[in-house]
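Structural characterization, general
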Amino acid sequence: MMNELRPVGAASRFAPVARNPGTPLNLDWFEDVQVNLSAAERRVLLVQGEAQFAVAKSPARPFVVRAGGVDVMEITLRHAAGLPAIEQVAKHVPQMHVGAGTVTRAEEMARVQAAGATFALSPGMTDALVQAAMQCKLPFMPGVMTPGEVMAARDYGFGLVKLFPAAQAGGLAMLKALAGPLGDMQFCPTGGVSLTNMGEFLKLPNVAMVGGSWLTPLDVVQRGDWAEITRLAREASGIANDL
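Keep in mind that what you see is a predicted model, and the values were worked out from it rather than measured.

Below, the discussion takes up the overall build of the protein chain. Each helix and strand in the protein chain was counted, giving 12 helices and 11 strands. Burial statistics for the protein chain: of 243 residues in total, 54% are counted as buried. Considering only intrachain contacts with a sequence separation of at least 6, the fraction spanning at least 24 residues in the protein chain is 59%.

Our next topic: the pairing of strand 5 (residues 97-101). Within strand 5, 5 of the 5 residues are buried, which leaves the element mostly enclosed by the surrounding structure. In this structure, strand 4 (residues 72-76) lies alongside strand 5, joined through 5 bridges in parallel fashion. Residue pairing for strand 5: Ile 75 is matched across the bridge by Ala 100. Between strand 4 and its parallel partner strand 5, the chain crosses via helix 4 (residues 82-92), and the hand of that crossover is right-handed.

In total, this model carries 1 aromatic pair according to the counting rule given. Judged by centre distance (6.0 Å) and plane angle (75 degrees), the rings of Phe 140 and Phe 158 are edge-to-face. Of this pair, Phe 140 sits in strand 7 (residues 140-141) while Phe 158 sits in the loop between helix 7 (147-156) and strand 9 (160-163), and the two are 18 residues apart along the sequence. Take Phe 140: its relative accessible area is 1%, and that puts it in the buried class. The cationic tip of Lys 162 hangs over the ring face of Phe 164; the distance from NZ or CZ to the ring centre is 5.0 Å.

This next bit is on the packing of helix 4 against helix 5 (residues 107-115). It is the contact of helix 4 with helix 5, at a shortest axis distance of 8 Å, that shows an interaxial angle of 35 degrees. Note on element contacts: helix 5 touches helix 4 through Arg 111, Val 112 and Ala 115, opposite Leu 83, Ile 86, Glu 87 and Ala 90. Residues belonging to the contact of helix 4 with helix 5 are distributed by class as follows: 5 nonpolar, no polar and 2 charged.

Conventions we followed
Residues numbered from 1 in each chain as written. Predicted model: local features only at pLDDT ≥ 70, side-chain atom pairs only at ≥ 80, totals over all residues. Heavy atoms only, no water. Helix = DSSP H or I, 4+ residues; strand = E, 2+ residues; numbered from the N terminus. Buried < 20%, exposed > 50% of the residue type's maximum accessible area, 1.4 Å probe, protein only. Contact = heavy atoms within 4.5 Å. Pairing = 2+ DSSP bridges. Right-handed = clockwise from strand over helix to strand, strands pointing away. Phe/Tyr/Trp six-rings, centres within 6.5 Å; stacked < 30°, edge-to-face > 60°. Lys NZ or Arg CZ within 6 Å of the ring centre and 35° of its normal. Axes fitted to C-alpha atoms, helices over the stretch in contact; angles between N-to-C directions. Nonpolar A, V, L, I, M, F, W, Y, C, P; charged D, E, K, R; others polar.

Now the structure itself:
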């Protein structure tokens, strides 16, 4: 038997769930934390990096992304505005399912959860991060870059991992190569994914979803062109819908 580490139950408990080898992986990762998304929305993950300063100042701005059909947002901890932005979106925009990205220290798990994050992602994986996620019962997607790291994540019980940075890790070619020996694993590539290539990634059977910051370009945010951000989100959702 294999174990797939995922949240279960109404309380979103984070626990290993046994499944038989060869059975389909649970791709409804967000639904397990009681987030009901359409197939298209579940496959497009907004990654907020530099633009999170604007989010922290005006938490209503994620509405423009939601209007375009994307309602899952990863706000990274790369800047001091990360935690306040998560808190503001969780409080003021309940329609947006907000998670924390760039979680690299064990103590950050409890902090992002307290701020309102309903899931966490990391560019890598350590024993301490996994243990902290389990202690917080917070859904967690670790980052991988090599076959050995994918295997280590699987040994922990993860069935869904983040390929980061996807472009530097080999992109489409790497994911195709991993599908053979590690066909029971699913990936969320970020880093080098864009509107122009996201469709090619989503066509791969081992890609559950994609993520990127292209939906909120910094220059567009700075000039307050919210209609353009809605258009970009709608375009991304359309690409996922058409597959």
